[in-house]
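Next come the chains, spelled out residue by residue.
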Amino acid sequence: MATNKKSAARAPAPASEQTPAAVPAFTREEELAAYRQMLLIRRFEEKAGQLYGMGLIGGFCHLYIGQEAVVVGMQMALKDGDQIITGYRDHGHMLASGMDASGVMAELTGRRGGYSKGKGGSMHMFSMAKNFFGGHGIVGAQVALGTGLGFANQYRGNDAVAVAYFGDGAANQGQVYESFNMAELWKLPVIYVIENNRYAMGTAVTRASAQADFSRRGVSFNIPGEQVDGMDVRAVRAAGDRATKWCREGNGPIILEMQTYRYRGHSMSDPAKYRSREEVEKVRHEQDPIEQVRARLLEKKWVGEDDLKKIDAEVRDIVNRSADFASSDPEPDPAELYTDVYR
Amino acid sequence: MAELTYRDAVARGIAQEMERDERVVFLGEDVAKAGGVFKATVGLYERFGPLRVRDTPISEQAILGAAMGAAMTGLRPIAEIMFADFAAVCFDYIANEFPKLRYMTNGQLGCPLVVRTGNGGGARFGAQHSQSIENWTMMIPGLKVVAPSSPLDVVGLMAAAVRDDNPVIFHEHKSLYAMKGEVPDGEIVDSLGTAKILRPGKDATILALAMMVPRALEAAEALAAQHGIDCEVIDVRSLVPLDTQTILTSVVKTGRLFTVEENPRLCGWGAEIASIAADEVFWDLDGPIVRITTPHIPLPAADHLEDLAIPNAARIAERVSRVMNGSQR
Ligand SMILES: Cc1ncc(C[n+]2csc(CCOP(=O)(O)OP(=O)(O)O)c2C)c(N)n1
Ligand SMILES: [Mg+2]
């Protein structure tokens, strides 16, 4: 879509009428890199869930399990200097952007070595070293902020692109459309990634959205959009490549609707009564983003079971070390209550 | 008489009013089928149906705007803003629309609606989901503001809020949802603008609101047992209108005034009451008016930091005893 001529892009065809882009293959190295990153996020989140169950993590903890291909595929399409911003379901985005697992886990447990010294918690972490701009608890707020990141890129004349991630539920916030209009009006280099995981808390997309084809949410602003199989990391990467190119060429913003699924509850306290176990199991069995890569790696005989076990062990080691750090690192000093309020 | 949780009391209060008055409708995010993110509205959807109990998209401006539009025609909507912090997302309606309507329409239109919201901290939710915003709402002429501290008050004040002809901001405290209390059977209707003396005492007046109420009561018991200081604890309950009668009568009796506030210090509700007391009963005071508050900081997520930030019984008792024993600070 984004690679089409401008006129075509001005009036995006409904996703149902688009010819699905063929999914380009990954090289062995790309498959392995994607596998490792997605597995890291999955194992990290499983561990966070355990620590929550043990009472080491309090408050909110929104797990990203099931959606790993989205951030990992997008990250593969980005280059140094591109910025990322998201909501509260942010652990995956941080790990994908290269932030340190121990620093993230220690923030979840509210410790000194956490990215925000324990003051931010699960929903509020940032790393300027990795161009990760948070971590925001107010649904939809990051969409306008991401637009501002794009504005700054245009102002500075660099060719960096801002990626603003938000959910299907967040897509019904008013500031999203204020942002769309301004971004297109000013041709800002922003990729709006709508992670459609089919639910916003207990509300299924169809119960909350009059237009559930999120790729069309920019139509009245002339922002092109694409629906992407967000469970296939290759499809995500390819869409990310098209989108970054579109933005870097000065065409303005673009919308990518990632069709994905969250396996766990909205947060740790959600019994998920609004959907059936079968629905979750079906996605897990038929579409799991990690299993897809694993199957391809084995099928092509690019790796053997032993190689995968080795990656598993390495990933587990990183995650275990992050958990050890997060449970042994001291709690923040009481004086921290008053730091970084003003300067 | 039944023992109810604070969360069940919310549903009971809303149900009582919906049963009585067909003009009452209820809307918010995940409030109907899921029964609310804090499970405070369980059963309403089943009982009153999808026309009167509605799940909305995540669109706070549309929720409050639609509630007001309906109220302008005479319906009596109850709208939920899930976390009080999100009031900032739709503050136009709270600050510019609801409270000015009657005034600007020469009294032709009113805005009889209730905004219920999960206020306050203590749940490790961090800076954007833990704020006590009662003072944000207190400062706007045209709004009424209540914050119950017990299941009984939730039911009675909810009824009073729904029956009131003005916009009422109803602050539920999210760390009190699990609290239990006795609630009599049958219809319960309280009145806005009334404070409640929960513990009579002669030495000092302690004013508290919402989650600070049980903590102030606990502190008062400790002060009596350990220091022989007999405190009168008043649950302010309603910030607008404010029951200055009950509050000032108590201050005149005890000669000492303390406020216990969860909102951040600057412009907290107690500052307003301190100012009123200084104006009206200054010569009856035997010592400085002292405010015990959360400092003027955002709230941290880390549990031990959050516990240090929000006033607790030990801190209240310590502060009151020191001031009562003659030390200023
Ligand atoms: C302004 C605002 N309204 C409501 C909420 C409460 N809330 C947090 S997450 C959420 C659901 C968001 O769903 P979606 O955008 O689909 O993201 P997902 O959780 O599926 O990743 C809601 C209603 C909030 N944090 N901020
Ligand atoms: Mg969602």
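Our subject is the structure listed above.
Throughout what follows, the structure given in this document is the object of discussion. Quantities reported herein were computed from a predicted structural model and do not represent experimental measurements.

Calculation criteria
- Residues numbered from 1 in each chain as written.
- Chains lettered and ligands numbered in written order.
- Predicted model: local features only at pLDDT ≥ 70, side-chain atom pairs only at ≥ 80, totals over all residues.
- Helix = DSSP H or I, 4+ residues; strand = E, 2+ residues; numbered from the N terminus.
- Rg over C-alpha atoms; globule rule 2.2 N^0.38 Å.
- Buried ≥ 20, exposed ≤ 12 C-beta atoms within 10 Å, placed from the backbone.
- Contact = placed C-beta atoms within 7 Å.
- Near = placed C-beta within 6 Å.
- Nonpolar A, V, L, I, M, F, W, Y, C, P; charged D, E, K, R; others polar.
- Pairing = 2+ DSSP bridges.
- Axes fitted to C-alpha atoms, helices over the stretch in contact; angles between N-to-C directions.
- Parallel < 35°, antiparallel > 145°, perpendicular 65-115°, else oblique.
- Left-handed = near helix turned anticlockwise from the far one by under 90°.
- Core = buried A, V, L, I, M, F, W, Y, C linked by C-beta atoms within 7 Å.
- Domains from an automatic or database assignment.

Observations regarding the overall build of chain B
Right, on to step 1. A count of helical and extended segments in chain B gives 12 helices and 14 strands.
Right, on to step 2. Taking 2.2 N^0.38 as the reference for a compact globule, 329 residues should give roughly 20 Å; the C-alpha atoms of chain B span a radius of gyration of 20 Å, in line with that estimate.
Right, on to step 3. Here chain B holds 329 residues, and 57% of them are scored as buried.
Right, on to step 4. Nonlocal contacts in chain B, meaning residues at least 24 apart in sequence, comprise 80% of its contacts between residues at least 6 apart.

What to know about the overall build of chain A
Right, on to step 1. Looking only at helices and strands, chain A has 12 helices and seven strands in total.
Right, on to step 2. The C-alpha radius of gyration computed for chain A amounts to 20 Å, which stays within 12% of the reference 20 Å derived for 343 residues, consistent with globular compactness.
Right, on to step 3. C-alpha atoms of chain A, sized along the principal axes, occupy 60 × 55 × 40 Å.
Right, on to step 4. Looking at chain A alone, contacts between residues at least 24 apart form 77% of all its contacts between residues at least 6 apart.

Side note on the site of ligand 1
Right, on to step 1. Surrounding ligand 1, one finds 20 residues, the nearest of these being A:Val139, A:Gly167, A:Gly169, A:Ala170 and A:Ala200.
Right, on to step 2. A per-class count over the shell around ligand 1 returns 10 nonpolar, five polar and five charged.

Considering the sheet that holds strand E5 (residues 114-119) of chain B
Residue and element names in this part refer to chain B.
Right, on to step 1. The seven strands are arranged E3-E2-E4-E5-E7-E6-E12 in an open sheet whose pairing can be described as mixed. A single partner strand is all that each edge strand has here, and the edge strands are strand E3 (53-55) and strand E12 (238-240). Within this sheet the neighbouring strands show an average axis-to-axis angle of 20°, counted without direction.
Right, on to step 2. Relative to strand E7 (residues 168-173), strand E6 (residues 144-146) runs parallel, the two being bridged by three bridges.

Quick word on the packing of helix H1 (residues 6-20) of chain B against helix H2 (residues 44-52) of chain B
Residue and element names in this part refer to chain B.
Right, on to step 1. Where H1 contacts H2, the two axes come as close as 11 Å, and the packing angle between them is 55°. Taken together, H1 and H2 sit at an angle that is classed as oblique. For the pair H1 and H2, the crossing hand works out as left-handed. Within the contact between the two elements, H1 uses Ala11, Ile14, Ala15 and Met18 and H2 uses Leu44, Arg47, Phe48 and Arg52.
Right, on to step 2. For the contact of H1 with H2, the residue count by class is six nonpolar, no polar and two charged.

Observations regarding the sheet that holds strand E2 (residues 162-167) of chain A
All names here are of chain A.
Right, on to step 1. In spatial order, the strands read E1-E2-E3-E7-E6; together these five strands make up an open sheet with parallel pairing. This sheet does not close on itself; its edge strands, each paired only once, are strand E1 (83-85) and strand E6 (225-229). Adjacent strand axes in the sheet meet at a mean angle of 20°, parallel and antiparallel pairs treated alike.
Right, on to step 2. Of the strands in this sheet, E1, E2 and strand E3 (190-196) touch helix H6 (residues 141-156), which is tilted by about 170° from E2.

Topic: the environment of A:Thr206
Residues and elements named next belong to chain A.
Right, on to step 1. Along the chain, Thr206 turns up in helix H8 (residues 205-208).
Right, on to step 2. By C-beta crowding, Thr206 is classed as exposed, having 9 other C-beta atoms within 10 Å.
Right, on to step 3. Taking the C-alpha atoms as reference points, Thr206 and Ala235, 29 residues apart in sequence, are found 24 Å from one another.

Observations regarding the nonpolar core
Right, on to step 1. Core analysis: the biggest nonpolar cluster contains 194 residues, and B:Ile206, B:Ala216 and B:Val320 have the highest contact counts within it.
Right, on to step 2. No other element matches helix H2 (residues 28-53) of chain A, which puts nine residues into this core.
Right, on to step 3. Counting only domains with at least three residues in this core, you end up with domain 1 (2-183) and domain 2 (196-324) of chain B.
Right, on to step 4. Among residues more than four places away in sequence, those in contact with B:Ile206 are B:Ala216, B:Ala220, B:Cys231, B:Glu232, B:Val233, B:Phe258, B:Val260 and B:Val320.

Topic: unusual backbone geometry
Residue and element names in this part refer to chain A.
Right, on to step 1. A cis amide bond links Gly134 to the next residue, Gly135, at an omega of 25°.
Right, on to step 2. Note that Gly135 resides in the loop between helix H5 (101-108) and H6.
Right, on to step 3. One non-glycine residue, Lys117, adopts positive backbone phi at about 55°.
Right, on to step 4. Within the secondary structure, Lys117 is located in the loop between H5 and H6.

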